[in-house]
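A look at the structure
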Amino acid sequence: MPGIDESLLEAMRLPGARGALVVDWISGLALGAVGDAPGDDPEATAAETAELARLAMESGTLAPADGGLSVGSVASGKEPPVQDLILTTVDAYHLLRFVITAFDSTVFLYLWLDRRDGNLALARIRLAEMADRLVLG
């Protein structure tokens, strides 16, 4: 099972990948980074994407329709209310995939994907696979 570095390198093999991070959405810290980052600052990218992730995870509007899980259940290792986020810009896709772990689910994979060369559907599928295999610590 791959760790953080192996998962990030795997993400960079995706067509159009420009950069990837593993981020803790509570603290906003990058636990690992590879490639480029928007604005050439991986720490700022981690902090800003963590804010977006935190808003999505704590949003009542984005909760499952059946009243499913809360942020508290995410921290206990259960399925998060939001699986992933996709933000599109003129020239890129920004994908955030939440990682489910047995001890704490406050981590996500972030991928910066070139819109011209990348395949959004493939990247989303592969990020989900990577998140399922990721072993932290």
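Presented here is a report on the structure given in the accompanying data block.

The rules behind the values
- Residues numbered from 1 in each chain as written.
- Predicted model: local features only at pLDDT ≥ 70, side-chain atom pairs only at ≥ 80, totals over all residues.
- Heavy atoms only, no water.
- Buried < 20%, exposed > 50% of the residue type's maximum accessible area, 1.4 Å probe, protein only.
- Helix = DSSP H or I, 4+ residues; strand = E, 2+ residues; numbered from the N terminus.
- Pairing = 2+ DSSP bridges.
- Axes fitted to C-alpha atoms, helices over the stretch in contact; angles between N-to-C directions.
- Contact = heavy atoms within 4.5 Å.
- Phe/Tyr/Trp six-rings, centres within 6.5 Å; stacked < 30°, edge-to-face > 60°.
- Lys NZ or Arg CZ within 6 Å of the ring centre and 35° of its normal.
- Polar contact = N/O pair within 3.5 Å; in protein donor to acceptor, adjacent residues only side chain to side chain.
- Salt bridge = Lys/Arg side-chain N within 4 Å of Asp/Glu carboxyl O.
- Patch = residues over 30% accessible without salt bridge, like charges linked within 9 Å, V, L, I, M, F, W, Y side chains within 5 Å.
- Areas by Shrake-Rupley, 256 points an atom, 1.4 Å probe, with all protein chains shown as cover.
- Lys, Arg positive; Asp, Glu negative; His and termini not counted.
- Charge placed at Lys NZ, Arg CZ, Asp CG, Glu CD.

**A word on the pairing of strand β4 (residues 92–99)**
Burial runs high along β4: eight of the eight residues are buried. Here β4 shows two buried faces, one formed by Ala92, His94, Leu96 and Phe98 and the other by Tyr93, Leu95, Arg97 and Val99. By the bridge criterion, five bridges tie strand β3 (residues 84–88) to β4 in an arrangement that is antiparallel. Along β4, the bridge assignment pairs Leu87 with His94. From the end of β3 to the start of β4, which pair antiparallel, there are three residues. One ladder, built from eight bridges, connects β4 with strand β5 (residues 107–114); its direction is antiparallel. The partner of Arg97 across the bridge, within β5, is Leu109.

**A few points about the sheet that holds β5**
Taken together, the five strands give an open sheet; going across it, the order is β2-β1-β5-β4-β3, and neighbouring strands pair in antiparallel fashion. Every interior strand has two partners, whereas the edge strands, β2 (30–35) and β3, have only one. Recorded for the sheet is a direction-independent mean angle of 10° between the axes of neighbouring strands. Helix α1 (residues 4–12) rests against β1 (17–24), β2 and β5 of the sheet, and its axis sits at about 150° to β1. Sheet strands in contact with helix α2 (residues 42–58) are β1, β2, β3, β4 and β5, and its direction is about 65° off that of β1.

**Topic: the packing of aromatic side chains**
A complete count under the given rule lists one aromatic pair for this structure. Its end group placed over the ring of Trp112, Arg18 keeps NZ or CZ at 3.9 Å from the ring centre.

**Here's the deal with the side chain of Arg97**
Relative to the assigned elements, Arg97 resides in strand β4. Reaching out from Arg97, the side chain makes a polar contact with the side chain of Asp84 at a distance of 3.4 Å. Non-local contacts of Arg97, meaning those with residues more than four positions away in its chain, are made with Gln83, Asp84, Val107, Phe108, Leu109, Leu127, Ala128 and Ala131.

**Focus: the pattern of salt bridges**
A full pass over the atoms with the stated rule returns six salt bridges. Here Glu10 makes a salt bridge to Arg133, at a shortest N to O gap of 2.5 Å. You can see Glu10 sitting in helix α1 and its partner Arg133 sitting in helix α4 (residues 120–133), a full 123 residues away along the chain. By relative accessible area, Arg133 is classed as partly exposed at 29%.

**Observations regarding a negative patch on the surface**
Together, Asp36, Asp40, Asp41, Glu43 and Glu48 make up a negatively charged patch on the protein surface. Assignment of secondary structure puts Asp36 in the loop between β2 and α2.

**Overview of the environment of Val22**
With respect to the helices and strands, Val22 occurs in strand β1. Under the relative-accessibility criterion, Val22 is labelled buried at 0%. In this structure, the C-alpha to C-alpha distance between Val22 and Phe98, residues 76 residues apart in sequence, is 9.7 Å. Not counting residues up to four positions away in its chain, the partners in contact with Val22 are Ile4, Leu8, Leu29, Ala30, Leu31, Gly32, Val107, Phe108 and Leu109.

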